[in-house]
Amino acid sequence: MPLDFYAAQSAFSDPGDLSHRYRGLPRDPAQLARVVRDLLIHRLEGELFAYAHPADRLHNDAETRYTDDILRIIVARDDALLTRRREVGDRFVGVCRDFALLHCSFLRHVGVPARLRSGFADYFGTDGFHGDHVVTEYWDTERGWLLADAQLTDPDITRHWNADFDPMDVPRDRFLVAGKAWRAIREGGADPRTFGLHPPEQGPLFGERFVAGNIRLDLAALNKVETLLWDVWGEDGEFGEPLPEASRQLYDRVSLVAGDDVPFDAARTLFTEDDLLRTPETVLCMAPYNGTSRVTLR
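Residues numbered from 1 in each chain as written. Predicted model: local features only at pLDDT ≥ 70, side-chain atom pairs only at ≥ 80, totals over all residues. Heavy atoms only, no water.

A.B. asks: Any details on the packing of aromatic side chains? Residues and values, ideally.
C.D. replies: The description of an aromatic ring pair uses the distance of the two centres, along with the angle that the planes make with each other. Going through the model one piece at a time under the given rule, you end up with 14 aromatic pairs. A ring pair is formed by Phe 12 and Tyr 66, whose centres lie 4.9 Å apart and whose planes are at 25 degrees; its orientation type is stacked. Remark: Tyr 66 occurs in the loop between helix H3 (55-60) and helix H4 (67-77) and Phe 12 occurs in the loop between helix H1 (2-7) and helix H2 (29-37); sequence separation between them is 54 residues. Residue classification places Phe 12 among the buried positions, given a relative accessible area of 5%. Overall, Tyr 66 belongs to the buried group, its relative accessible area being 8%. Measuring from centroid to centroid gives 5.0 Å for Tyr 22 and Phe 106, while their planes differ by 85 degrees, and the two rings are edge-to-face. Of the two residues, Tyr 22 is situated in the loop between H1 and H2 and Phe 106 in helix H5 (residues 96-109); the sequence distance between them amounts to 84 residues. Each of the two residues, Tyr 22 as well as Phe 106, counts as buried. (Phe/Tyr/Trp six-rings, centres within 6.5 Å; stacked < 30°, edge-to-face > 60°. Helix = DSSP H or I, 4+ residues; strand = E, 2+ residues; numbered from the N terminus. Buried < 20%, exposed > 50% of the residue type's maximum accessible area, 1.4 Å probe, protein only.)

A.B. asks: Would you mind going over the nonpolar core in detail, with residue names and values included?
C.D. replies: Membership of the largest hydrophobic core comes to 76 residues, with the highest contact counts inside it found for Leu 39, Leu 40, Ile 74, Leu 82, Leu 102, Phe 106 and Tyr 138. Among the elements that line this core, the one with the most residues is helix H8 (residues 208-222), at nine residues. In contact with Phe 106, not counting residues within four places along its chain, are Tyr 22, Leu 25, Leu 32, Val 35, Val 36, Leu 39 and Leu 82. Tyr 123, Val 170, Phe 175 and Val 177 belong to the second largest nonpolar core, which has ten residues in total. (Core = buried A, V, L, I, M, F, W, Y, C linked by side-chain atoms within 4.5 Å. Contact = heavy atoms within 4.5 Å.)

A.B. asks: Describe the state of the cysteines, and please don't skip the residues or the numbers.
C.D. replies: Going through the model one piece at a time under the given rule, you end up with zero disulfides. No disulfide involves Cys 104; its sulfur sits 14 Å from that of Cys 96, the nearest cysteine. Given a relative accessible area of 0%, Cys 104 falls into the buried group. Not part of a disulfide, Cys 285 finds its nearest cysteine sulfur in Cys 96, a span of 15 Å. (Disulfide = S-S within 2.5 Å.)

A.B. asks: Give me the lowdown on the side chain of His 198, citing residues and values where you can.
C.D. replies: Of note, His 198 is situated in the loop between strand E7 (195-196) and H8. Judged by relative accessible area, His 198 falls into the buried class, the value being 13%. Discounting residues that sit within four places of it in the chain, His 198 has contacts with Phe 129, Gly 203, Pro 204, Leu 205 and Phe 206.

A.B. asks: Explain the packing of helix H7 (residues 178-186) against H8 residue by residue, including any values.
C.D. replies: A pair of packed helices is characterised by two quantities: the angle between their axes and the separation of those axes. Orientation of H7 relative to H8, taken along the N-to-C sense of each, is 150 degrees, at an axis distance of 8 Å. Our classification of the angle between H7 and H8 gives roughly antiparallel. When you trace H7 past H8, the crossing you get is left-handed. Between H7 and H8, the contacting residues are Ala 178, Gly 179, Ala 181, Trp 182, Ile 185 and Arg 186 on the first element and Glu 208, Val 211, Ala 212, Asn 214, Ile 215 and Asp 218 on the second. In the contact of H7 with H8, the residues fall into seven nonpolar, two polar and three charged. (Axes fitted to C-alpha atoms, helices over the stretch in contact; angles between N-to-C directions. Parallel < 35°, antiparallel > 145°, perpendicular 65-115°, else oblique. Left-handed = near helix turned anticlockwise from the far one by under 90°. Nonpolar A, V, L, I, M, F, W, Y, C, P; charged D, E, K, R; others polar.)

Here you go:
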């Protein structure tokens, strides 16, 4: 049952009327990850590719929630087969979530159970900071659930980062899923200031409240609701403010579900029955470039 659930497309990963574009895709998860890498470029990778993103793409591409719309942008810029590597100027300008979502969509299309995982990576630097990140988790018939980071499948990009591992088998101590990061703070003595979008000196997007938001995103993704990373719901309060103790106790419980080992029935029950955790029909989108708005999801 759980594997069947994750092998089926979600409203976010479904290619819809562009499913014919998936003909000819390889079936190997690593090859699919490289196809994704060659179709997308991260918003922050312009300098690595010696390329300046056009402002409209920098602002708008990564606001695209659904895979069918991502595909429309890709093929509008270059109508070639998806397996053909795009020139940098023809790529979709996204973020980590978009790499993971498209990889997940490809995997589900070829029958491989897959899901997004929201958490924190330590391999985009060497200073011990755990940066906000999203990867794919896919089912390997011999080893079970493995973490894959499609962003790292271009060796030139990988060499730029502190990533001395197989991007199709990201070590679970290098990428901490959100619940595991929460427990590292609450039980393991980890400094909450070392978890976030950026270090404390660069703004308020770090710490316990940020990790709690990541838990909500991860639980939603475990239920195949793969929202934008800046779609917000649930907990009130501003980043930088401490969480109430009742909230801490809630996330103590949820972190046991949104961990490395996911009890499927518990993840489904928590998400469907708790108003704080369940993604509502309309979310607050706090877009980094385009401002805040309310968006009703499909």
